[in-house]
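Chains, contacts and geometry: an overview
What follows is the residue order along each chain.
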Amino acid sequence: MSPAGGAASLNVAIAHKDHLRASGEPLRALEDLRLTLPAGQAGAVVGPSGCGKTTLLRLIAGLDRDYVGHIALPAHGRLGMVFQEPRLLPWRSVADNIAIAAPEASSPEIAALLDDLALTEHATHFPGELSLGLARRAALARALAVKPDLLLLDEPLVSLDAALARGLRDKIAALIDEKRITTLIVTHDLAEAIALADRVFLLSPRPARIVATLDIPAPRARLTKASGLALETQAREALLRSQ
Amino acid sequence: MIRVASLAALLALWQIGAVFSDPRRLPGPLAVFETILAEAASGALFSNLAITLARVAASFALAMSLGTAIGYLMGRNRLADRLLDPWLVALLNLPALVVIVLAYVWAGLTEIAAISAVALNKLPNAVVVIREGARALDPQLQEMAEAFRFPPGARMRHLVLPQLAPYLAAATRSGLSLVWKVVLVVELLGRSNGVGFEINMAFQLFDMKLLLAYALPFVALMLGVETLLVQPLERYVARWRRGVA
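Just so it is clear, the model here is predicted, and its values are computed rather than measured.

Quick notes on the rules
- Residues numbered from 1 in each chain as written.
- Chains lettered and ligands numbered in written order.
- Predicted model: local features only at pLDDT ≥ 70, side-chain atom pairs only at ≥ 80, totals over all residues.
- Buried ≥ 20, exposed ≤ 12 C-beta atoms within 10 Å, placed from the backbone.
- Helix = DSSP H or I, 4+ residues; strand = E, 2+ residues; numbered from the N terminus.
- Contact = placed C-beta atoms within 7 Å.
- Pairing = 2+ DSSP bridges.
- Axes fitted to C-alpha atoms, helices over the stretch in contact; angles between N-to-C directions.
- pLDDT = per-residue confidence, 0-100.

1. Observations regarding helix 9 (residues 195–204) of chain B
All names here are of chain B. When we look at burial in helix 9, the residues that qualify are V195, G196, F197, E198 and I199. Looking at the packing, one finds that the buried side of helix 9 touches helix 3 (44–76), helix 8 (152–190) and helix 10 (208–237). Trailing helix 9 by a residue or two, F206 shows a phi angle of about 55°, which is positive.

Right under this line is the structure:
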(Lines give C-alpha, C1' and ligand atoms only; values in the text may rest on other atoms or scores of the structure.)
Protein backbone atom coordinates (compact mmCIF):
# COMPACT_ATOMS: atom_id res chain seq x y z
CA MET A 1 0.00 0.00 0.00
CA SER A 2 2.84 2.40 0.75
CA PRO A 3 4.70 3.69 -2.30
CA ALA A 4 8.10 2.14 -2.94
CA GLY A 5 9.96 5.36 -2.18
CA GLY A 6 8.45 5.34 1.29
CA ALA A 7 6.30 8.33 2.09
CA ALA A 8 7.01 8.58 5.76
CA SER A 9 3.75 10.10 6.86
CA LEU A 10 0.39 8.41 7.29
CA ASN A 11 -2.01 9.58 4.60
CA VAL A 12 -5.67 8.68 4.71
CA ALA A 13 -8.12 9.75 2.02
CA ILE A 14 -11.34 7.78 2.21
CA ALA A 15 -14.08 8.79 -0.23
CA HIS A 16 -16.61 6.64 1.55
CA LYS A 17 -17.09 3.43 3.52
CA ASP A 18 -20.44 1.67 3.80
CA HIS A 19 -21.51 -1.06 6.20
CA LEU A 20 -24.19 -3.49 5.13
CA ARG A 21 -27.09 -3.55 7.56
CA ALA A 22 -28.80 -6.83 8.43
CA SER A 23 -31.72 -5.70 6.24
CA GLY A 24 -29.34 -5.50 3.28
CA GLU A 25 -29.32 -1.73 2.81
CA PRO A 26 -26.00 0.08 3.13
CA LEU A 27 -25.20 2.35 6.04
CA ARG A 28 -22.63 5.06 5.39
CA ALA A 29 -20.00 4.99 8.15
CA LEU A 30 -17.33 7.34 6.76
CA GLU A 31 -17.55 10.02 4.10
CA ASP A 32 -14.80 12.15 2.59
CA LEU A 33 -12.47 11.55 5.51
CA ARG A 34 -8.95 12.87 4.98
CA LEU A 35 -6.10 13.07 7.46
CA THR A 36 -2.33 13.36 7.37
CA LEU A 37 -0.04 12.47 10.23
CA PRO A 38 3.68 13.32 9.86
CA ALA A 39 6.22 10.62 10.71
CA GLY A 40 7.13 10.37 14.38
CA GLN A 41 4.08 12.26 15.55
CA ALA A 42 1.09 11.12 17.55
CA GLY A 43 -2.38 11.82 16.23
CA ALA A 44 -5.63 11.40 18.10
CA VAL A 45 -8.98 10.86 16.45
CA VAL A 46 -11.81 12.08 18.68
CA GLY A 47 -15.48 11.61 18.08
CA PRO A 48 -18.77 10.63 19.69
CA SER A 49 -19.23 6.89 20.26
CA GLY A 50 -20.59 5.02 17.27
CA CYS A 51 -19.31 7.62 14.81
CA GLY A 52 -16.99 5.21 13.00
CA LYS A 53 -13.69 5.65 14.83
CA THR A 54 -13.02 1.95 15.17
CA THR A 55 -14.08 1.45 11.54
CA LEU A 56 -11.44 3.99 10.52
CA LEU A 57 -8.80 2.18 12.57
CA ARG A 58 -9.73 -1.16 10.99
CA LEU A 59 -9.37 0.34 7.51
CA ILE A 60 -5.94 1.74 8.36
CA ALA A 61 -4.88 -1.61 9.84
CA GLY A 62 -5.91 -3.36 6.63
CA LEU A 63 -8.45 -5.55 8.46
CA ASP A 64 -11.23 -4.29 6.17
CA ARG A 65 -10.41 -3.54 2.53
CA ASP A 66 -13.94 -2.87 1.38
CA TYR A 67 -13.88 0.93 0.99
CA VAL A 68 -13.46 3.59 -1.66
CA GLY A 69 -10.34 5.71 -1.24
CA HIS A 70 -6.67 5.43 -0.54
CA ILE A 71 -4.55 4.85 2.56
CA ALA A 72 -0.74 5.19 2.56
CA LEU A 73 1.04 3.81 5.61
CA PRO A 74 4.45 5.02 6.85
CA ALA A 75 7.41 3.28 5.19
CA HIS A 76 7.47 -0.55 5.50
CA GLY A 77 4.01 -0.45 7.05
CA ARG A 78 4.81 -2.69 10.03
CA LEU A 79 1.83 -2.39 12.34
CA GLY A 80 1.59 -2.51 16.09
CA MET A 81 -1.99 -2.56 17.24
CA VAL A 82 -3.65 -2.37 20.63
CA PHE A 83 -7.29 -3.38 20.35
CA GLN A 84 -9.95 -2.17 22.76
CA GLU A 85 -10.16 -5.67 24.23
CA PRO A 86 -6.57 -6.80 24.80
CA ARG A 87 -6.92 -9.84 22.49
CA LEU A 88 -4.03 -11.79 23.97
CA LEU A 89 -3.83 -15.52 23.29
CA PRO A 90 -5.35 -16.92 26.51
CA TRP A 91 -3.37 -20.19 26.26
CA ARG A 92 0.05 -18.53 26.07
CA SER A 93 1.91 -16.67 28.80
CA VAL A 94 2.44 -12.91 28.61
CA ALA A 95 6.06 -13.35 27.49
CA ASP A 96 5.04 -15.95 24.87
CA ASN A 97 2.29 -13.69 23.57
CA ILE A 98 4.90 -11.03 22.89
CA ALA A 99 7.45 -13.45 21.43
CA ILE A 100 4.89 -15.02 19.08
CA ALA A 101 3.74 -11.65 17.71
CA ALA A 102 7.32 -10.35 17.43
CA PRO A 103 9.55 -13.29 16.44
CA GLU A 104 12.40 -10.91 15.51
CA ALA A 105 12.54 -9.40 18.99
CA SER A 106 15.37 -10.84 21.11
CA SER A 107 14.66 -12.04 24.63
CA PRO A 108 16.62 -9.16 26.24
CA GLU A 109 14.52 -6.75 24.18
CA ILE A 110 11.33 -8.40 25.38
CA ALA A 111 12.61 -8.42 28.95
CA ALA A 112 13.39 -4.70 28.69
CA LEU A 113 9.89 -3.97 27.38
CA LEU A 114 8.29 -6.01 30.16
CA ASP A 115 10.39 -4.11 32.67
CA ASP A 116 9.49 -0.77 31.10
CA LEU A 117 5.77 -1.55 31.45
CA ALA A 118 6.16 -3.04 34.96
CA LEU A 119 5.13 -6.48 33.72
CA THR A 120 8.24 -8.48 34.67
CA GLU A 121 6.54 -10.36 37.52
CA HIS A 122 3.65 -11.24 35.21
CA ALA A 123 5.79 -12.57 32.34
CA THR A 124 4.88 -16.20 33.01
CA HIS A 125 1.21 -15.53 33.84
CA PHE A 126 -1.58 -16.45 31.48
CA PRO A 127 -3.80 -13.57 30.29
CA GLY A 128 -6.78 -14.97 32.23
CA GLU A 129 -4.86 -14.25 35.44
CA LEU A 130 -4.39 -10.54 34.62
CA SER A 131 -6.62 -7.58 35.42
CA LEU A 132 -7.77 -5.45 32.48
CA GLY A 133 -5.16 -2.81 33.24
CA LEU A 134 -2.34 -5.38 33.19
CA ALA A 135 -3.70 -7.06 30.07
CA ARG A 136 -3.79 -3.67 28.30
CA ARG A 137 -0.18 -3.10 29.23
CA ALA A 138 0.73 -6.56 27.96
CA ALA A 139 -1.06 -5.78 24.68
CA LEU A 140 0.86 -2.49 24.50
CA ALA A 141 4.15 -4.33 25.10
CA ARG A 142 3.25 -6.75 22.31
CA ALA A 143 2.52 -3.88 19.90
CA LEU A 144 5.81 -2.15 20.76
CA ALA A 145 7.82 -5.38 20.48
CA VAL A 146 7.24 -5.61 16.72
CA LYS A 147 9.03 -2.22 16.38
CA PRO A 148 6.13 -0.80 14.44
CA ASP A 149 6.26 1.91 11.79
CA LEU A 150 2.72 2.76 12.84
CA LEU A 151 1.23 2.19 16.27
CA LEU A 152 -2.57 2.05 16.45
CA LEU A 153 -4.32 2.40 19.81
CA ASP A 154 -8.07 1.83 20.04
CA GLU A 155 -9.48 3.51 23.17
CA PRO A 156 -6.40 2.58 25.24
CA LEU A 157 -7.77 3.96 28.52
CA VAL A 158 -11.44 2.97 28.34
CA SER A 159 -12.94 0.91 31.23
CA LEU A 160 -10.01 1.60 33.55
CA ASP A 161 -10.54 3.38 36.86
CA ALA A 162 -9.34 7.00 37.01
CA ALA A 163 -6.01 6.36 38.74
CA LEU A 164 -5.08 3.45 36.47
CA ALA A 165 -6.13 5.40 33.39
CA ARG A 166 -3.97 8.36 34.42
CA GLY A 167 -1.00 6.08 35.06
CA LEU A 168 -1.31 4.35 31.68
CA ARG A 169 -1.87 7.70 29.93
CA ASP A 170 1.38 9.09 31.35
CA LYS A 171 3.18 5.88 30.41
CA ILE A 172 1.92 6.05 26.81
CA ALA A 173 2.87 9.75 26.62
CA ALA A 174 6.40 8.95 27.83
CA LEU A 175 6.72 6.09 25.32
CA ILE A 176 5.61 8.32 22.44
CA ASP A 177 8.21 10.93 23.39
CA GLU A 178 10.90 8.32 23.87
CA LYS A 179 10.35 6.06 20.84
CA ARG A 180 9.05 8.61 18.31
CA ILE A 181 6.83 6.04 16.63
CA THR A 182 4.09 7.39 14.38
CA THR A 183 1.04 6.75 16.54
CA LEU A 184 -2.69 7.04 15.91
CA ILE A 185 -4.98 6.95 18.93
CA VAL A 186 -8.74 6.63 18.74
CA THR A 187 -10.71 7.92 21.70
CA HIS A 188 -14.05 9.43 22.72
CA ASP A 189 -12.35 11.55 25.38
CA LEU A 190 -11.16 15.00 24.26
CA ALA A 191 -8.97 15.63 27.33
CA GLU A 192 -7.22 12.29 26.81
CA ALA A 193 -6.58 13.14 23.14
CA ILE A 194 -5.09 16.52 24.06
CA ALA A 195 -2.90 14.95 26.72
CA LEU A 196 -1.41 12.42 24.30
CA ALA A 197 -1.29 13.85 20.79
CA ASP A 198 0.66 16.30 18.66
CA ARG A 199 -2.37 16.65 16.44
CA VAL A 200 -6.03 16.10 17.24
CA PHE A 201 -8.60 15.23 14.56
CA LEU A 202 -12.19 16.01 15.49
CA LEU A 203 -14.79 13.77 13.87
CA SER A 204 -18.42 14.56 13.09
CA PRO A 205 -21.24 12.15 13.97
CA ARG A 206 -21.94 9.45 11.37
CA PRO A 207 -21.12 9.51 8.50
CA ALA A 208 -17.81 10.58 9.99
CA ARG A 209 -15.58 13.18 8.43
CA ILE A 210 -13.01 15.48 9.99
CA VAL A 211 -14.51 18.77 11.06
CA ALA A 212 -11.38 20.34 12.53
CA THR A 213 -7.70 19.61 13.11
CA LEU A 214 -5.95 20.95 16.19
CA ASP A 215 -2.18 21.21 16.35
CA ILE A 216 -0.69 21.13 19.81
CA PRO A 217 2.50 23.20 19.82
CA ALA A 218 3.79 21.94 23.19
CA PRO A 219 2.48 18.39 23.54
CA ARG A 220 2.42 15.84 26.39
CA ALA A 221 5.07 16.55 29.08
CA ARG A 222 5.34 20.17 27.98
CA LEU A 223 1.57 20.69 27.98
CA THR A 224 0.44 23.00 30.77
CA LYS A 225 -2.93 22.67 32.44
CA ALA A 226 -3.98 26.11 31.16
CA SER A 227 -3.04 25.41 27.54
CA GLY A 228 -4.78 22.04 27.76
CA LEU A 229 -7.99 23.70 28.89
CA ALA A 230 -7.65 26.39 26.23
CA LEU A 231 -7.26 23.71 23.55
CA GLU A 232 -10.30 21.91 24.88
CA THR A 233 -12.40 25.08 24.61
CA GLN A 234 -11.06 25.70 21.14
CA ALA A 235 -12.03 22.14 20.10
CA ARG A 236 -15.57 22.47 21.49
CA GLU A 237 -16.05 25.74 19.63
CA ALA A 238 -14.87 24.11 16.40
CA LEU A 239 -17.34 21.26 16.93
CA LEU A 240 -20.18 23.72 17.58
CA ARG A 241 -19.35 25.76 14.48
CA SER A 242 -19.47 22.62 12.34
CA GLN A 243 -23.05 21.80 13.31
CA MET B 1 -12.24 -44.67 46.81
CA ILE B 2 -15.81 -44.43 45.52
CA ARG B 3 -14.64 -45.79 42.19
CA VAL B 4 -13.07 -48.84 43.87
CA ALA B 5 -16.24 -49.46 45.92
CA SER B 6 -18.36 -49.17 42.81
CA LEU B 7 -16.13 -51.63 40.97
CA ALA B 8 -16.30 -54.05 43.90
CA ALA B 9 -20.11 -53.82 43.90
CA LEU B 10 -20.11 -54.72 40.20
CA LEU B 11 -17.92 -57.78 40.88
CA ALA B 12 -20.18 -58.85 43.75
CA LEU B 13 -23.24 -58.53 41.53
CA TRP B 14 -21.52 -60.63 38.90
CA GLN B 15 -20.63 -63.31 41.49
CA ILE B 16 -24.21 -63.44 42.79
CA GLY B 17 -25.55 -63.71 39.24
CA ALA B 18 -23.10 -66.53 38.52
CA VAL B 19 -24.18 -68.49 41.60
CA PHE B 20 -27.80 -68.49 40.46
CA SER B 21 -27.15 -69.33 36.83
CA ASP B 22 -25.68 -72.07 34.70
CA PRO B 23 -21.86 -71.63 34.66
CA ARG B 24 -22.00 -72.17 30.89
CA ARG B 25 -24.18 -69.06 30.54
CA LEU B 26 -22.48 -66.83 33.11
CA PRO B 27 -19.20 -68.07 34.57
CA GLY B 28 -18.09 -66.47 37.84
CA PRO B 29 -15.28 -63.90 38.08
CA LEU B 30 -12.84 -66.49 39.42
CA ALA B 31 -13.34 -68.91 36.52
CA VAL B 32 -12.90 -66.07 34.04
CA PHE B 33 -9.74 -64.95 35.83
CA GLU B 34 -8.32 -68.47 35.57
CA THR B 35 -9.00 -68.52 31.82
CA ILE B 36 -7.31 -65.12 31.47
CA LEU B 37 -4.23 -66.55 33.23
CA ALA B 38 -4.24 -69.64 31.01
CA GLU B 39 -4.50 -67.58 27.84
CA ALA B 40 -1.80 -65.25 29.11
CA ALA B 41 0.51 -68.19 29.90
CA SER B 42 0.19 -69.51 26.34
CA GLY B 43 0.94 -66.05 24.95
CA ALA B 44 -2.24 -66.04 22.87
CA LEU B 45 -3.85 -63.31 24.96
CA PHE B 46 -1.01 -60.85 24.42
CA SER B 47 -0.56 -61.47 20.72
CA ASN B 48 -4.30 -61.08 20.11
CA LEU B 49 -4.52 -57.96 22.26
CA ALA B 50 -1.49 -56.49 20.50
CA ILE B 51 -2.84 -57.11 17.01
CA THR B 52 -6.23 -55.63 17.90
CA LEU B 53 -4.59 -52.64 19.56
CA ALA B 54 -2.46 -52.08 16.44
CA ARG B 55 -5.61 -52.09 14.28
CA VAL B 56 -7.30 -49.66 16.67
CA ALA B 57 -4.27 -47.34 16.54
CA ALA B 58 -3.93 -47.44 12.75
CA SER B 59 -7.60 -46.85 11.96
CA PHE B 60 -7.94 -44.23 14.69
CA ALA B 61 -4.92 -42.29 13.41
CA LEU B 62 -6.20 -42.47 9.85
CA ALA B 63 -9.73 -41.36 10.78
CA MET B 64 -8.57 -38.54 13.06
CA SER B 65 -6.04 -37.02 10.67
CA LEU B 66 -8.36 -37.15 7.66
CA GLY B 67 -11.36 -36.13 9.76
CA THR B 68 -9.54 -33.15 11.26
CA ALA B 69 -8.41 -31.91 7.85
CA ILE B 70 -11.86 -32.29 6.26
CA GLY B 71 -13.68 -30.92 9.32
CA TYR B 72 -11.44 -27.85 9.43
CA LEU B 73 -11.95 -27.22 5.72
CA MET B 74 -15.74 -27.56 6.06
CA GLY B 75 -15.82 -25.31 9.10
CA ARG B 76 -13.84 -22.51 7.45
CA ASN B 77 -15.07 -22.72 3.86
CA ARG B 78 -18.77 -22.38 3.02
CA LEU B 79 -18.44 -23.87 -0.45
CA ALA B 80 -16.63 -26.96 0.86
CA ASP B 81 -19.24 -27.28 3.60
CA ARG B 82 -22.13 -27.19 1.15
CA LEU B 83 -20.42 -29.56 -1.28
CA LEU B 84 -19.40 -32.17 1.28
CA ASP B 85 -22.34 -32.00 3.69
CA PRO B 86 -24.59 -34.48 1.80
CA TRP B 87 -21.68 -36.97 1.67
CA LEU B 88 -21.15 -36.50 5.37
CA VAL B 89 -24.81 -37.12 6.19
CA ALA B 90 -24.82 -40.24 3.99
CA LEU B 91 -21.69 -41.59 5.66
CA LEU B 92 -22.99 -40.75 9.16
CA ASN B 93 -26.11 -42.79 8.53
CA LEU B 94 -24.48 -45.73 6.78
CA PRO B 95 -24.52 -48.72 9.18
CA ALA B 96 -21.06 -49.90 10.24
CA LEU B 97 -21.85 -53.40 9.06
CA VAL B 98 -22.60 -52.20 5.51
CA VAL B 99 -19.28 -50.32 5.31
CA ILE B 100 -17.39 -53.37 6.58
CA VAL B 101 -19.05 -55.85 4.19
CA LEU B 102 -18.59 -53.49 1.22
CA ALA B 103 -14.91 -52.99 2.10
CA TYR B 104 -14.33 -56.76 2.29
CA VAL B 105 -16.22 -57.40 -0.97
CA TRP B 106 -14.41 -54.66 -2.87
CA ALA B 107 -10.90 -54.94 -1.41
CA GLY B 108 -10.86 -58.58 -0.33
CA LEU B 109 -10.35 -59.97 3.18
CA THR B 110 -7.19 -57.89 3.68
CA GLU B 111 -5.68 -55.80 6.47
CA ILE B 112 -6.10 -52.65 4.36
CA ALA B 113 -9.80 -53.33 3.85
CA ALA B 114 -10.24 -53.96 7.58
CA ILE B 115 -8.47 -50.79 8.70
CA SER B 116 -10.11 -48.54 6.10
CA ALA B 117 -13.54 -49.91 6.98
CA VAL B 118 -13.00 -48.99 10.64
CA ALA B 119 -11.56 -45.60 9.76
CA LEU B 120 -14.52 -44.88 7.48
CA ASN B 121 -16.87 -45.60 10.37
CA LYS B 122 -15.11 -43.11 12.64
CA LEU B 123 -14.39 -40.46 9.99
CA PRO B 124 -17.80 -38.69 9.79
CA ASN B 125 -17.97 -38.35 13.57
CA ALA B 126 -14.52 -36.71 13.66
CA VAL B 127 -15.50 -34.39 10.79
CA VAL B 128 -18.68 -33.24 12.56
CA VAL B 129 -16.91 -32.46 15.85
CA ILE B 130 -13.91 -30.67 14.29
CA ARG B 131 -16.19 -28.70 11.95
CA GLU B 132 -18.01 -27.31 15.01
CA GLY B 133 -14.63 -26.35 16.47
CA ALA B 134 -13.50 -24.65 13.27
CA ARG B 135 -16.75 -22.68 13.12
CA ALA B 136 -16.26 -21.48 16.69
CA LEU B 137 -12.77 -19.98 16.14
CA ASP B 138 -12.63 -16.53 17.70
CA PRO B 139 -12.81 -13.88 14.92
CA GLN B 140 -11.25 -11.26 17.21
CA LEU B 141 -8.10 -13.33 17.60
CA GLN B 142 -8.07 -13.97 13.83
CA GLU B 143 -8.05 -10.20 13.32
CA MET B 144 -5.27 -9.76 15.85
CA ALA B 145 -3.19 -12.37 13.99
CA GLU B 146 -3.90 -10.55 10.74
CA ALA B 147 -2.89 -7.15 12.14
CA PHE B 148 0.37 -8.60 13.46
CA ARG B 149 0.92 -10.59 10.22
CA PHE B 150 1.29 -13.99 11.90
CA PRO B 151 2.82 -16.44 9.39
CA PRO B 152 0.58 -19.46 8.58
CA GLY B 153 2.63 -21.85 10.75
CA ALA B 154 2.34 -19.63 13.84
CA ARG B 155 -1.37 -19.10 13.18
CA MET B 156 -1.92 -22.87 13.13
CA ARG B 157 0.20 -23.58 16.20
CA HIS B 158 -0.71 -20.72 18.49
CA LEU B 159 -4.17 -19.70 17.31
CA VAL B 160 -6.04 -22.58 15.66
CA LEU B 161 -4.82 -25.72 17.42
CA PRO B 162 -5.29 -24.40 20.99
CA GLN B 163 -8.88 -23.47 20.10
CA LEU B 164 -9.49 -26.87 18.49
CA ALA B 165 -7.93 -28.76 21.43
CA PRO B 166 -11.19 -29.38 23.35
CA TYR B 167 -12.87 -30.57 20.15
CA LEU B 168 -9.92 -32.83 19.34
CA ALA B 169 -10.12 -34.26 22.86
CA ALA B 170 -13.86 -34.89 22.51
CA ALA B 171 -13.36 -36.57 19.13
CA THR B 172 -10.56 -38.71 20.62
CA ARG B 173 -12.70 -39.78 23.56
CA SER B 174 -15.73 -40.83 21.56
CA GLY B 175 -13.48 -42.05 18.75
CA LEU B 176 -11.40 -44.55 20.72
CA SER B 177 -14.42 -46.34 22.14
CA LEU B 178 -16.21 -46.40 18.79
CA VAL B 179 -13.13 -47.59 16.91
CA TRP B 180 -12.33 -50.52 19.16
CA LYS B 181 -15.93 -51.76 19.05
CA VAL B 182 -15.92 -51.65 15.25
CA VAL B 183 -12.48 -53.29 15.10
CA LEU B 184 -13.93 -56.34 16.89
CA VAL B 185 -16.70 -56.63 14.29
CA VAL B 186 -14.18 -56.32 11.47
CA GLU B 187 -12.05 -59.04 13.04
CA LEU B 188 -15.07 -61.25 13.58
CA LEU B 189 -16.11 -60.97 9.94
CA GLY B 190 -12.85 -61.21 8.08
CA ARG B 191 -9.65 -61.61 10.08
CA SER B 192 -8.00 -64.71 11.47
CA ASN B 193 -6.56 -63.16 14.63
CA GLY B 194 -7.29 -60.46 17.21
CA VAL B 195 -9.75 -60.17 20.06
CA GLY B 196 -12.77 -60.14 17.70
CA PHE B 197 -11.67 -63.38 16.08
CA GLU B 198 -11.21 -65.06 19.50
CA ILE B 199 -14.64 -63.89 20.61
CA ASN B 200 -16.14 -65.40 17.47
CA MET B 201 -14.39 -68.67 18.29
CA ALA B 202 -15.73 -68.54 21.84
CA PHE B 203 -19.21 -67.94 20.45
CA GLN B 204 -18.96 -70.95 18.12
CA LEU B 205 -17.81 -73.16 20.99
CA PHE B 206 -20.29 -71.49 23.33
CA ASP B 207 -17.38 -70.82 25.71
CA MET B 208 -18.41 -67.81 27.79
CA LYS B 209 -15.27 -67.99 29.91
CA LEU B 210 -13.09 -67.48 26.85
CA LEU B 211 -15.34 -64.68 25.58
CA LEU B 212 -15.08 -62.74 28.83
CA ALA B 213 -11.38 -63.60 29.15
CA TYR B 214 -10.75 -61.61 25.95
CA ALA B 215 -13.35 -58.86 26.37
CA LEU B 216 -12.40 -57.78 29.90
CA PRO B 217 -8.62 -57.34 29.46
CA PHE B 218 -9.27 -55.27 26.35
CA VAL B 219 -11.74 -53.02 28.17
CA ALA B 220 -9.11 -52.64 30.91
CA LEU B 221 -6.50 -51.80 28.31
CA MET B 222 -8.65 -49.07 26.74
CA LEU B 223 -9.44 -47.71 30.21
CA GLY B 224 -5.68 -47.51 30.78
CA VAL B 225 -5.17 -45.59 27.54
CA GLU B 226 -7.91 -43.16 28.57
CA THR B 227 -6.61 -42.49 32.10
CA LEU B 228 -2.89 -42.61 31.40
CA LEU B 229 -2.76 -40.94 27.98
CA VAL B 230 -5.90 -39.02 27.01
CA GLN B 231 -6.74 -37.41 30.35
CA PRO B 232 -3.21 -36.18 31.25
CA LEU B 233 -2.88 -34.74 27.74
CA GLU B 234 -6.19 -32.97 28.14
CA ARG B 235 -5.12 -31.50 31.48
CA TYR B 236 -1.84 -30.29 30.00
CA VAL B 237 -3.56 -28.59 27.08
CA ALA B 238 -6.10 -26.90 29.38
CA ARG B 239 -3.54 -25.74 31.99
CA TRP B 240 -4.10 -22.07 31.09
CA ARG B 241 -7.72 -22.29 32.24
CA ARG B 242 -6.67 -22.84 35.86
CA GLY B 243 -6.26 -19.14 36.60
CA VAL B 244 -9.58 -18.18 35.03
CA ALA B 245 -12.35 -17.50 37.49
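Continuing now.
2. Describing the sheet that holds strand 4 (residues 68–72) of chain A
Residue and element names in this part refer to chain A. Pairing within the open sheet is antiparallel, and its three strands lie in the order 2-1-4. Edge strands, defined here as strands with exactly one partner in the open sheet, are strand 2 (26–37) and strand 4. Geometrically, the sheet is characterised by an average inter-axis angle of 20° between neighbouring strands, direction not taken into account.

3. A short note on the environment of V45 of chain A
All names here are of chain A. Position of V45 among the secondary structure elements: in strand 3 (residues 42–46). Here V45 falls in the buried class, since 30 other C-beta atoms lie within 10 Å of it. Between the C-alpha atom of V45 and that of T213, which follows or precedes it by 168 residues, the distance is 9.4 Å.

4. Some details on the confidence of the model for chain B
Residues and elements named next belong to chain B. In the predicted model, chain B carries a mean pLDDT of 91, and 98% of its residues have values of at least 70. When the elements of chain B are averaged for pLDDT, helix 10 gives the smallest value, 87, and helix 6 (residues 111–135) the largest, 95. In the predicted complex, the global pTM is 0.81; the interface-specific ipTM is 0.86.

5. Some points on the sheet that holds strand 9 (residues 210–215) of chain A
Sheet strands pair by backbone hydrogen bonding; their relative direction is either parallel or antiparallel. Residues and elements named next belong to chain A. Judged by pairing direction, the sheet is mixed, and its six strands sit side by side in the order 5-6-7-3-8-9 without closing on themselves. Of all strands in the sheet, those bounded by a partner on one side alone are strand 5 (79–82) and strand 9. Direction aside, neighbouring strands of the sheet carry axes that sit 15° apart on average. Pairing analysis gives five bridges linking strand 6 (residues 150–154) to strand 7 (residues 182–187), with the strands arranged parallel. Each residue of the ladder has a partner; that of L153, found in strand 7, is I185. Contacting strand 3, strand 5, strand 6, strand 7 and strand 8 (199–203), helix 1 (residues 53–61) crosses the sheet at an angle of about 155° to strand 6.

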